[in-house]
Amino acid sequence: MIDSQLISKKGELLLLNDAKIRYFESFFSQKESQAIFNHLHEETPWQQDPITVYGKTYLQPRLTALYAKNTKSYTYSGIKMQPKVMSPMLLEIQKKIATVCPTDFTTVLLNLYRDGKDSNGWHADNEKELGENPVIASLSLGEARFFHLKHMRNKEDRLKLLLASGSLLVMEGSTQKHWLHQIAKTARPVGSRINLTFRKII
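All residue numbers refer to positions counted from 1 along the written sequence of the respective chain. With the structure being a predicted model, the display of local features is reserved for residues of pLDDT at least 70 and the display and counting of side-chain atom pairs for 80 or more, all residues being used for whole-chain, interface and lining totals. To get the side-chain values, all heavy atoms of the structure are used, and hydrogens and water are removed first.

A few words now on the packing of aromatic side chains. Centre distance within 6.5 Å is the pairing criterion for rings of Phe, Tyr and Trp, where only the six-membered ring of Trp is used; planes under 30 degrees apart are then read as stacked, over 60 as edge-to-face, and the remainder as tilted. Enumeration over the complete set of coordinates arrives at four aromatic pairs. Centre to centre, the rings of Phe105 and Phe198 are 6.1 Å apart; their planes meet at 50°, and the pair counts as tilted. Taken together, the positions of Phe105 in the loop between helix H3 (88-97) and strand S9 (107-113) and Phe198 in strand S16 (residues 193-199) put the pair 93 residues apart, joining distant regions of the chain. We call a residue buried when its accessible area falls under 20% of the maximum for its residue type, exposed when it is over 50%, and partly exposed in between, using a 1.4 Å probe and counting protein chains only. On the basis of relative accessibility, which here comes to 1%, the residue Phe105 falls in the buried class. The aromatic ring of Phe28 is capped on one face by Lys96, whose charged end is 4.2 Å from the ring centroid. The rule is short: NZ of Lys or CZ of Arg within 6 Å of the ring centre and within 35 degrees of the ring normal puts a charge over the ring. The ring of Phe146 has Lys160 lying over it, and the distance from NZ or CZ to the ring centre is 4.6 Å. Segments assigned H or I by DSSP are reported as helices when at least four residues long, segments assigned E as strands when at least two residues long, and all are numbered from the N terminus.

Have a look at this one:
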């Protein structure tokens, strides 16, 4: 017999080679998720930075914001972000995440996907300042979107997971060394989604 309480504390372990990924489908209730989404959507000072890919510069297809418990910047894809002070709500969210993922996160990157045209291309969270085998805790709020994973070498190793509002995805171990992930564009009419990715910058 499967202990449902144990699953709720440890999450559903996704069986993937060279990775440790846990998924908590209802980490926050729908009521809590909607309240957090509304607050962050309205109160966050969102920005849209230019990004250069293969020599061409364009605006990122999503809005972002960075918060931290220190003053360390975060650089990815040629974009250097300076953090704002972690808000009480974000600290409370991190405190709850610590009950299932006891990592001393310093920083959280917020992404706002306004509609199906907004996306995040294939990448790994393997920036130098994240250190060896970083732990990434990703909270989804608002519209459910598909999260795609693919192994860097074994082309047959792929996964598509629908991230529900209020769900938490924790990527640990050597995941960032061996896997890429993305939120792809979709032609389906979808609402806005906010994603919070907690990380530790060393």
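The structure having been displayed, the exposition proceeds.
We now examine the pairing of strand S4 (residues 56-59). Strand pairing is assigned whenever DSSP detects at least two bridges linking the two strands. Where strand S3 (residues 50-53) and S4 come together, four bridges link them in antiparallel fashion. Considered in S4, the bridge of Val53 is made with Lys56.

Salt bridge, as applied in this entry: a Lys or Arg side-chain nitrogen positioned within 4 Å of an Asp or Glu carboxyl oxygen. Going through the model one piece at a time under the given rule, you end up with six salt bridges. Linking Asp104 and Lys69 is a salt bridge whose minimum nitrogen-to-oxygen distance equals 3.6 Å. Of this pair, Asp104 sits in the loop between H3 and S9 while Lys69 sits in the loop between strand S5 (63-68) and strand S6 (74-76), placing them 35 residues apart in sequence. Note on Asp104: relative accessible area 48%, which makes it partly exposed. The exposure class assigned to Lys69 is partly exposed, which follows from its relative accessible area of 44%. Notably, a salt bridge pairs Lys177 with Glu132, separated by 2.4 Å at the nearest N-O pair. Of the two residues, Lys177 is situated in helix H4 (residues 175-178) and Glu132 in the loop between strand S10 (120-123) and strand S11 (136-142); the sequence distance between them amounts to 45 residues.

With respect to topology, eight strands assemble into an open sheet ordered S1-S2-S14-S11-S16-S9-S5-S8, the strand pairing being mixed. What marks the edges here is a single partner per strand, and that holds for strand S1 (12-14) and strand S8 (84-85). Sheet analysis places S11 next to strand S14 (residues 168-172), joined by four bridges and oriented antiparallel. Pairing of Leu139 across the sheet is with Leu168, part of S14. Most of the contacts of H3 go to S16, to which it runs at about 65°, and overall it touches S5, S9, S11, S14 and S16. Throughout, a contact is declared for two residues whenever any of their heavy atoms are within 4.5 Å. Helix axes are fitted to C-alpha atoms over the stretch in contact, other axes to C-alpha atoms as well, and angles between N-to-C directions run from 0 to 180 degrees.

For H3, every residue scored as buried is listed here: Leu90, Ile93, Gln94 and Ile97. Burial along H3 is one-sided: seen end-on, the buried residues are contained in an arc of 100°. Exposed residues lying more than 90 degrees from the buried face of H3 are Pro88, Glu92 and Lys95. Residues of H3 that are buried make contact with helix H2 (30-43), S5, S9, S11, S14 and S16. Throughout, the arc means the angular range of directions from the helix axis out to the C-beta atoms.

Per-chain confidence: the protein averages 93 in pLDDT, with 96% of residues scoring 70 or above. Scored between 0 and 100, pLDDT is the confidence that the predictor attaches to each residue. Low pLDDT, under 50, characterises residues 1-7; the predicted model gives this stretch four contacts beyond four residues in sequence or across chains.

Strand pairing in a sheet relies on backbone hydrogen bonds. The paired strands run either parallel or antiparallel. Read from one edge to the other, the open sheet built from four strands follows the order S10-S15-S12-S13, with strand pairing classed as antiparallel. Of all strands in the sheet, those bounded by a partner on one side alone are S10 and strand S13 (158-163). Here the strands of the sheet are splayed against their neighbours by 15° on average, with no regard to which way each runs. Where strand S12 (residues 145-151) and S13 come together, six bridges link them in antiparallel fashion. Bridge pairing in S13 links Phe146 to Leu162.

All right, on to unusual backbone geometry then. Phi is positive for Asp18, which is not a glycine, with a value near 60°. Locating Asp18 in the fold gives a position in the loop between S1 and strand S2 (20-24). By relative accessible area, which is 34% here, Asp18 ends up partly exposed. Residue Asn133 is not a glycine yet carries a positive backbone phi of 50°. As for its placement among the helices and strands, Asn133 is situated in the loop between S10 and S11.

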